[in-house]
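Topology and contacts: notes
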Amino acid sequence: MILDAKIPEGPMAQKWDNHRFRMKLVNPANKRKYKVIVVGTGLAGASASASLAELGYRVENFCFQDSARRAHSIAAQGGINAAKNYPNDGDSIYRLFYDTVKGGDFRAREANVYRLAQLSNEIIDQCVAQGVPFAREYGGLLDNRSFGGAQVSRTFYARGQTGQQLLLGAYSALMRQVGLGNVTLRPRTEMLDLVVVGGRARGIVVRDLICGDVYCASADAVVLATGGYGNVFYLSTNAMGSNVTAAHRAFKRGAGFANPCFTQIHPTCIPVSGDHQSKLTLMSESLRNDGRVWVPKDGDDHRAAPEIPEEDRDYYLERRYPSFGNLVPRDVASRAAKQVCDEGRGVGSSGLAVYLDFADSIERLGRDAINQRYGNLFHMYEKITDENPYELPMRIFPAVHYTMGGLWVDYNLMSTIPGLHVLGEANFSDHGANRLGASALMQGLADGYFIIPYTIGHYFASGSFEPVETDQKEFEDTKKSAADRLQRLLDVRGGRSVDSFHKELGQIMWEHCGMSRNEGGLRKALELIPALREEFWRNVRVPGGNGELNQSLEKAGRVADFLEFGEVMCLDAIGRKESCGGHFREEHQTEEGEALRDDEGCSHASVWEYKGDDDFPVMHKEPLSFDLVKPSVRSYK
Amino acid sequence: MNLTLQMWRQRNLSDEGGMVQYEISDVSPEMSFLEMLDILNESLIARGQEPVAFDDDCREGICGMCSLVINGIPHGPDSGTTVCQLHMRRFQDGDTIYIEPWRSRAFPVLRDLIVDRNAFDRIIQAGGYISVNTGGTPDANAIPVAKSEADLSMDAASCIGCGACVAACPNASAMLFVGAKVSQFRHLPQGHTERARRATRMVEQMDAEGFGNCTNHYECMAVCPKEIDVRVIAELNQEFLRTELTGSE
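The helix and strand inventory of chain A stands at 16 helices and 21 strands. Counting only C-alpha atoms and orienting by the principal axes, one finds that chain A spans roughly 75 × 60 × 50 Å. The buried share of chain A, taken over its 637 residues, is 60%.

Okay, here's the thing in structure tokens:
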């Protein structure tokens, strides 16, 4: 597997400009001749589909949800970063770049991150022009707030529904192109496999989720914008349907998978309430602007929160990290919460929670101001827990939220399979080992609005394309293997439901490949996962048939892929013998329990190549070099 | 607690469908309504029966996918919430709960509790956007927008497109949904260039899809999980009439 990142020559600040000039162009009249398949309609997918169609390419866009507007980007709450420096507080493109590289614990590719910071400002302009109702000051200009890992206020937001508003902006641009006949939209249609012809990605196999038809779509290039794989843990903040299938199938067709062990555990989620729990709900990081995190100093202190006096409380983030305080990055905040709970100082009935307290802010700013900022989040919290956060502090606990790992891509966002491009959370490129808050929305839209429209043209103009037909052998073979697999799932007729396997896999992953990992635990997971997978294919019960709307069958296909993919994550976690960002290896920590990176041995992206179902995948390395930001101990003290 | 569920089962679009009764026990008040249905489905699978199909995705009240009529009320008894945010503590031991899909000609039932809401997408395709291509846009702070206007825009923009407004309306009107989109752009300077065209086209598409018109029952506002105010319907009417009277397309 050749990993050529194709980073352009020249000084960092001019790389993207130079590259845009050197890339080949497709004549406007010739763009109609090229067809692009886009899978996914989240921020990355919808923005890519709309932008490519505006340029004149023919686009076919697929999503498994009933409408393109429901992709999981919609659930992002807090905001989107940009280096506008509107508040005049010292921000710049360089500072956003620096914060993102540092926040990612020096495991991201500098050139990609720099470009992301450069594009951030255009994104805000684009969204405002589309009618995204960002929060404003009384003077009519845009308001900003701050997020973890930054000491400037660079986050634009639309109440606690920023992801929703940005997605509806991209969705409306997409709908406009659908209305104009430039995009063919296929909702309730799930990608089952990738079709590779002559070494290039030329199509996909999909299932119509309403009637069950399995069919092929062909194109000159394929764009995956299929999100992350956090649901491998069963419980996460992801939507129920979020899955790894598209990315995993691409991996099995030859695309390298980078840093699969890099998963983000978000510090502020509503704690688990019982075995029935089906998902976890995030409470936006923005709450840490005004909420203070604490636990009782004494683990045996069982008084109600308001009755515990100030001197008996431990505001442990403010104590340990005085300069960033409650706004340390997510990985640091999550681990600190785990530590105090491990010490027996956790709160709530399970002891697996810490307080996020707004009493001081309510006293300082008034209840109305807090309601203005976080009203919908407080409402959501109260609905779920039956407690009023204006009166009692919220109880929060870390939960799986985002996956920094993803399909490996070069600077052009192309995977190791020519023609297969990967955008948004589905790729690995910009966040290293930990993503900063409000950067996912920025990356998804940068990829879709401002990068892929350029780089895909370069790909088309750089070679010639034989026409392909969906009845040719490569398509027929891939379709048959996908259809056979569905039939095999139905034919097992065993005794256990799909969900029960998914839950068990999630427990294994959380226990051994979650917030902290060690070699012994990971090796154990590598015994447990194959055994569970073997039982799945022997004992799963998938009711119903293939030729109909069958949600059990949909879930079964996704869980079958998680059961393979979880193993790759554990292999990667074993191989990375250091602690960095969201990947905390217990063997590698400082005396104070902080993560200990190994820049000599581990300054690389680990990229896994599929070698068949009976062999382990092979790991390749893309070495990372840091020319501008010298890796240092990441201190938020 | 133990509950009796009366649920709509329908195999596919052409099946007639009907209510089927299920008993469910050991329901915890901490469970969400959809988690209760998960438990029911697990028990159906264990008994060799087919689980009940229902739409859901984010389970945090924002994606707009979940869509159940519970005891005759879209999204159930709590105001300002989606079904996925409804918890079983709202019910009593021994209750019988009636669970049905959205009912509207424009939302055909695909299976059990799942309906087809693509009509909403087609309405947006007809005009629910500002016609800007990617790139070449002015600086975001170039056009100031009064906070009060931006807030009205945001209030309307918070619509999640779930369709509860249609399900609750005796006329199956989609005017709260259409009004919300029209209102979002009406309160922003960026939206003004196409205001006439937008209102006309969206209303035409709404009519073509078979949705009814508003006769001021306000059931839509009562069930809207985002509590969108019916003022957006008045604004839609204003925008529509403005075009009719001035003839400016």
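So, next bit.
Moving on: the overall build of chain B. Scanning chain B from N- to C-terminus turns up 8 helices and 7 strands. With respect to the three principal axes, the spread of C-alpha positions in chain B is 60 × 35 × 35 Å. Considering chain B as a whole, with its 249 residues, one finds that 53% of them fall into the buried category. Relative to all contacts within chain B whose residues are 6 or more apart in sequence, the contacts with residues 24 or more apart total 71%.

With that settled, consider the sheet that holds strand β9 (residues 221-224) of chain A. Residue and element names in this part refer to chain A. One open sheet holds the 5 strands; their spatial order is β5-β2-β1-β9-β17, and the pairing between them is parallel. Edge positions in the sheet fall to β5 (183-186) and β17 (420-422), since each has one partner strand and no second. On average, each strand axis in the sheet is inclined to that of its neighbour by 20°, with strand direction left out of account. Taken together, the 5 bridges between strand β1 (residues 35-39) and strand β2 (residues 58-62) define a ladder with parallel strand orientation. Bridge pairing in β2 places Val38 opposite Asn61. Most of the contacts of helix α11 (residues 440-461) go to β9, to which it runs at about 155°, and overall it touches β1, β9 and β17.

Our next topic: the sheet that holds strand β21 (residues 618-623) of chain A. Residue and element names in this part refer to chain A. The strand order β16-β10-β20-β21 describes an open sheet built from 4 strands, whose pairing is antiparallel. Among the strands making up the open sheet, the edge pair consists of β16 (406-407) and β21. Running at roughly 145° to strand β20 (residues 604-609), helix α15 (residues 551-575) makes contact with β10 (257-258), β20 and β21 of the sheet.

Bringing the environment of Arg154(A) into the picture now. Residue and element names in this part refer to chain A. Note that Arg154 resides in the loop between α4 (110-130) and β4 (155-156). As for Arg154 and Gly139, which are separated by 15 residues in sequence, their C-alpha atoms are 18 Å apart. Once residues lying within four places of it in the same chain are set aside, the contact partners of Arg154 are Asn81, Ala82, Ala83, Asp91, Leu96 and Asn144.

Packed helices, taken two at a time, are described by the angle their axes make and the gap between the axes. All names here are of chain A. At a minimum axis separation of 9 Å, α4 and α11 run at an interaxial angle of 80°. In this view, α4 runs roughly perpendicular relative to α11, as classed from their interaxial angle. Residues Leu116, Leu119, Ser120, Glu122, Ile123 and Gln126 of α4 form the contact with α11, whose own contacting residues are Met442, Gln443, Leu445, Ala446, Tyr449 and Phe450. Split by residue class, the contact of α4 with α11 holds 8 nonpolar, 3 polar and 1 charged.

In this structure, Ala438(A) is a non-glycine residue whose phi angle is positive, near 70°. With respect to the helices and strands, the residue Ala438(A) is situated in the loop between β17 and α11.

All names here are of chain A. Put simply, helix α13 (residues 498-513) and α15 touch, their axes get as near as 10 Å, and they point 15° apart. Between α13 and α15, the angle falls in the class roughly parallel. The crossing of α13 and α15 is left-handed. Contact residues: α13 offers Val498, Phe501, His502, Leu505, Met509, His512 and Cys513, while α15 offers Ser552, Lys555, Ala556, Val559, Phe562, Leu563, Gly566, Met569, Cys570 and Ala573. Taken together, the residues that form the contact of α13 with α15 break down as 12 nonpolar, 4 polar and 1 charged.

Between chain B and chain A, the contact holds 64 residues from the first and 63 residues from the second. For the side of chain B that touches chain A, the secondary-structure elements that each account for two or more residues are α1 (33-46), β6 (109-111), α2 (118-127), α3 (147-157) and α5 (175-186) of chain B. Within the side of chain B that touches chain A, the residues separate by chemical class into 28 nonpolar, 20 polar and 16 charged.

This part is about the domain arrangement of chain A. Residues and elements named next belong to chain A. For chain A, the assigned domains are domain 1 (266-401) and domain 2 (473-613). The C-alpha-based centres of domain 1 and domain 2 are spaced at 31 Å. Domain 1 puts 6 residues into the contact, and the matching count from domain 2 is 5 residues. Its residues assigned to classes, the side of domain 1 that touches domain 2 shows 1 nonpolar, 2 polar and 3 charged.

Moving on: the domain arrangement of chain B. Residue and element names in this part refer to chain B. We note that the domain assignment places domain 1 (3-111) and domain 2 (118-246) within chain B. Here the C-alpha centroids of domain 1 and domain 2 sit 29 Å apart. If you look at the interface, domain 1 gives 18 residues, while domain 2 gives 16 residues. For the side of domain 1 that touches domain 2, the per-class residue count stands at 8 nonpolar, 8 polar and 2 charged.

Residue and element names in this part refer to chain A. For α4, which comprises 21 residues, the first-to-last C-alpha distance of 30 Å matches the rise-based estimate of 30 Å (1.5 Å per residue) to within 8%. Most pronounced at Leu119, the bend in α4 amounts to some 35°. In the stretch just after α4, Gly131 is the one whose phi turns positive, near 95°.

This paragraph deals with the confidence of the model for chain B. Averaged over every residue, the pLDDT of chain B is 96; residues scoring 70 or more account for 99%. On the interface metric, ipTM, the complex scores 0.98, and its pTM is 0.97.

It is worth spelling out the pairing of β5(A) at this point. Residues and elements named next belong to chain A. Only one face of β5 is covered, namely the face carrying Val183 and Leu185; the face carrying Thr184 and Arg186 is uncovered. The pairing of β2 with β5 spans 4 bridges and is parallel. Paired with Glu60 across the strands is Thr184, a residue of β5.

Okay, helix α14 (residues 519-539) of chain A next. Residue and element names in this part refer to chain A. If you check α14, its first and last C-alpha atoms are 30 Å apart, about what 21 residues at 1.5 Å a residue would give, namely 30 Å. When we look at burial in α14, the residues that qualify are Leu522, Ala525, Leu528, Ile529 and Phe536. The buried residues of α14 occupy an angular sector of 120° when projected down its axis, which confines them to one face. Among the exposed residues of α14, those pointing more than 90 degrees away from its buried face are Gly520, Glu527, Ala531, Glu534 and Arg538. Taken together, the buried residues of α14 touch α13, β19 (540-541) and α15.

Among the nonpolar cores identified, the biggest contains 286 residues, and Val36(A), Val223(A), Leu224(A), Leu407(A) and Cys165(B) are the most heavily contacted of them. The residues contacting Leu224(A), other than those within four sequence positions of it, are Val39(A), Gly40(A), Ala246(A), Ala247(A), Ala250(A), Leu407(A), Leu420(A), Val422(A) and Ala426(A).

Cut-offs and rules
- Residues numbered from 1 in each chain as written.
- Chains lettered and ligands numbered in written order.
- Predicted model: local features only at pLDDT ≥ 70, side-chain atom pairs only at ≥ 80, totals over all residues.
- Helix = DSSP H or I, 4+ residues; strand = E, 2+ residues; numbered from the N terminus.
- Buried ≥ 20, exposed ≤ 12 C-beta atoms within 10 Å, placed from the backbone.
- Contact = placed C-beta atoms within 7 Å.
- Pairing = 2+ DSSP bridges.
- Axes fitted to C-alpha atoms, helices over the stretch in contact; angles between N-to-C directions.
- Parallel < 35°, antiparallel > 145°, perpendicular 65-115°, else oblique.
- Nonpolar A, V, L, I, M, F, W, Y, C, P; charged D, E, K, R; others polar.
- Left-handed = near helix turned anticlockwise from the far one by under 90°.
- Domains from an automatic or database assignment.
- Expected span 1.5 Å × (residues − 1).
- Bend = angle between axes of the 7 residues up to and from the residue.
- pLDDT = per-residue confidence, 0-100.
- Arc of directions from axis to C-beta.
- Core = buried A, V, L, I, M, F, W, Y, C linked by C-beta atoms within 7 Å.

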